[in-house]
Amino acid sequence: MNRRPRAVFFGTPSFAVPILEALGGVAEIAAVVTQPDQPAGRGQNRQPSPVNRRARELGVPVLVPAKLDHEFIYQFNAGKPDLAVLAAYGKILPLAVLAVPPKGFVNVHPSLLPRHRGPSPVAATLLAGDPVTGVTLIVLDEEMDHGPIIAQQTINIGPHEHRPALERRLANLGANVLRQALLPYCHGWLQPQPQNHALATFCKLLKKTEAPLTWKEPADMLERKIRAFDPWPGTHTSFNGRRLKILDAEARAESAANPPGTVIIDDETPTVVCGAGQLRLKSLQLAGQKPTAAVAFAHGHRDFVGAILGS
RNA sequence: CGCGGGAUGGAGCAGUAGCAGCUCGCCGGGCUCAUAAUCCGGAGGUCGGGGGUGCAAAUCCCCCUCCCGCAA
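Note that the structure is a prediction, hence the values are computed from the model and not measured. (Residues numbered from 1 in each chain as written. Chains lettered and ligands numbered in written order. Predicted model: local features only at pLDDT ≥ 70, side-chain atom pairs only at ≥ 80, totals over all residues. Heavy atoms only, no water.)

Here's the deal with the overall build of chain A
Logical step 1: On a plain count of helices and strands, chain A comes out with 8 helices and 15 strands.
Logical step 2: Counting only C-alpha atoms and orienting by the principal axes, one finds that chain A spans roughly 70 × 45 × 30 Å.
Logical step 3: Within chain A, the proportion of its 311 residues that are buried is 49%.
Logical step 4: In chain A, once contacts between residues fewer than 6 apart in sequence are set aside, the share between residues at least 24 apart is 63%.
Logical step 5: When the accessible surface of chain A is summed, it comes to about 15200 Å², and 53% of that surface belongs to carbon and sulfur atoms.
Logical step 6: For chain A, the centre of its 33 positive side-chain charges and the centre of its 26 negative side-chain charges are spaced 5 Å apart. (Helix = DSSP H or I, 4+ residues; strand = E, 2+ residues; numbered from the N terminus. Buried < 20%, exposed > 50% of the residue type's maximum accessible area, 1.4 Å probe, protein only. Contact = heavy atoms within 4.5 Å. Areas by Shrake-Rupley, 256 points an atom, 1.4 Å probe, with all protein chains shown as cover. Lys, Arg positive; Asp, Glu negative; His and termini not counted. Charge placed at Lys NZ, Arg CZ, Asp CG, Glu CD.)

The following block contains the structure:
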């Protein structure tokens, strides 16, 4: 193949945008497939996905199928794609769709496969406390995140990095990997290698019910949740009967006699006693209010220090 | 019209009609070898904007702007 390959891009959230842009650099984008406009924000107005917006700016045809049915497959086929690239599309693809492009589907997955297969790999990485992560390019097969590996690159995780920052870095890394590996794969210079399935781990879709913090848990686990669940489903507790979001905090090993959930003051910083260790609060948000620094929050709420959260 | 909370000195909050307050910060001074500690004093606010009712409005009524939680 000497010409630029024709590719169809599947993706939805902002994570997929840099990857779409990178694809435009190495291939001819026949079309972009993304999720239909979803009700979002206050007022529940329907909003196009970030990938949809970017694709329009780039002047690329956009398909927003509600179902991946025969009509969609017909349209997909009509673009005569050599391959498809998929990054966080948000739906499982039927085999009939996977079978359309001759070179298959290349998936940009933000974890070091076979670790963290599934729909929430970045959150799972942070929850597990992994010191490193990365991006893996695979060829999709009939099982979830199971196909052979085209390329993989690794990055370190910052000691207190939250998911949005890590996701942005992984998106850029994914764009790089795609730029470097896609054409070699298309030309057959790069043979995909099977994953070591024995080492596979799996993650589940995040649920809103995981958002409330349980202070009996160890502080380091709670810090991981705060970093992994940012910005959704978020982490919160309750204070004076109102929902209190914990936006940022750091675990420390110190122990205290107070029961879990008690707010103590440590060197000016409000700190919550946990099942093991303590959580130094850095940024909080009371329902309906703006995010505030934890120190300032304690100044305004004189009964905060000494309170037992989550009760 | 999806439901709901909010806007008060630099920051965070209290204050449902009767002189605009609290914690922190800031400025000046005391104490001190020194200090984020402590003591005394001080500056700083058209109470988001506009209209209305009242002898009197941060507070009650109407309109507007901006911010946020739930919900996805």
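Overview of the confidence of the model for chain A
Logical step 1: Looking at chain A, the pLDDT average stands at 94 and 99% of residues meet or exceed 70.
Logical step 2: The ipTM, which scores confidence in the relative placement of chains, is 0.85 for this predicted complex, and the corresponding pTM is 0.91. (pLDDT = per-residue confidence, 0-100.)

Digging into the nonpolar core
Logical step 1: Ranked by size, the top nonpolar core spans 45 residues in total, and within it F9, L23, V85, V106, L137, L178 and L182 carry the most contacts.
Logical step 2: Take this core: its biggest share by element is 11 residues, from helix α6 (residues 163–186).
Logical step 3: Ignoring sequence-local partners within four residues, the contact set of V85 consists of V8, F9, F10, I19, L23, V106, V108, L178 and L182.
Logical step 4: L244, I246, A249 and L284 belong to the second-largest nonpolar core, a separate cluster that totals 22 residues. (Core = buried A, V, L, I, M, F, W, Y, C linked by side-chain atoms within 4.5 Å.)

Comments concerning the pattern of salt bridges
Logical step 1: Going through the model one piece at a time under the given rule, you end up with 13 salt bridges.
Logical step 2: Ionic pairing is found between D266 and R252, a salt bridge with its closest N-O pair at 3.6 Å. Residue D266 is found in strand β12 (residues 263–266), and its partner R252 is found in strand β11 (residues 242–252); the two are separated by 14 residues along the sequence.
Logical step 3: Several salt bridges share partner residues, and in doing so they unite R252, E254, D266 and R280 into one network. (Salt bridge = Lys/Arg side-chain N within 4 Å of Asp/Glu carboxyl O.)

Section: the packing of aromatic side chains
Logical step 1: For the structure shown, the criterion picks out 9 aromatic pairs.
Logical step 2: Ring geometry for F297 against F304: centres 4.9 Å apart, planes inclined by 80°, an arrangement best described as edge-to-face. The same class applies to F297 as to F304, namely buried.
Logical step 3: Aromatic rings pair up to connect F10, F72, F76, Y89 and F105 into one cluster. (Phe/Tyr/Trp six-rings, centres within 6.5 Å; stacked < 30°, edge-to-face > 60°.)

Side note on the protein's contact with RNA strand B
Logical step 1: Q44, K208, G288, G300 and R302 are the nearest of the 22 residues found near RNA strand B.
Logical step 2: Among atoms of RNA strand B positioned within 4 Å of the protein, sugar and phosphate together represent 65%.
Logical step 3: One of the side-chain N or O atoms of W232 is found 3.4 Å from a base nitrogen in RNA strand B.
Logical step 4: One of the backbone N or O atoms of A296 is found 2.8 Å from a sugar or linking oxygen in RNA strand B.
Logical step 5: Among the elements of the structure, β11 and α8 (294–300) are those that each provide at least two residues to the surface near RNA strand B.
Logical step 6: Among the elements that line the surface near RNA strand B, the one with the most residues is α8, at 4 residues. (Near = heavy atom within 4 Å. Polar contact = N/O pair within 3.5 Å; in protein donor to acceptor, adjacent residues only side chain to side chain.)

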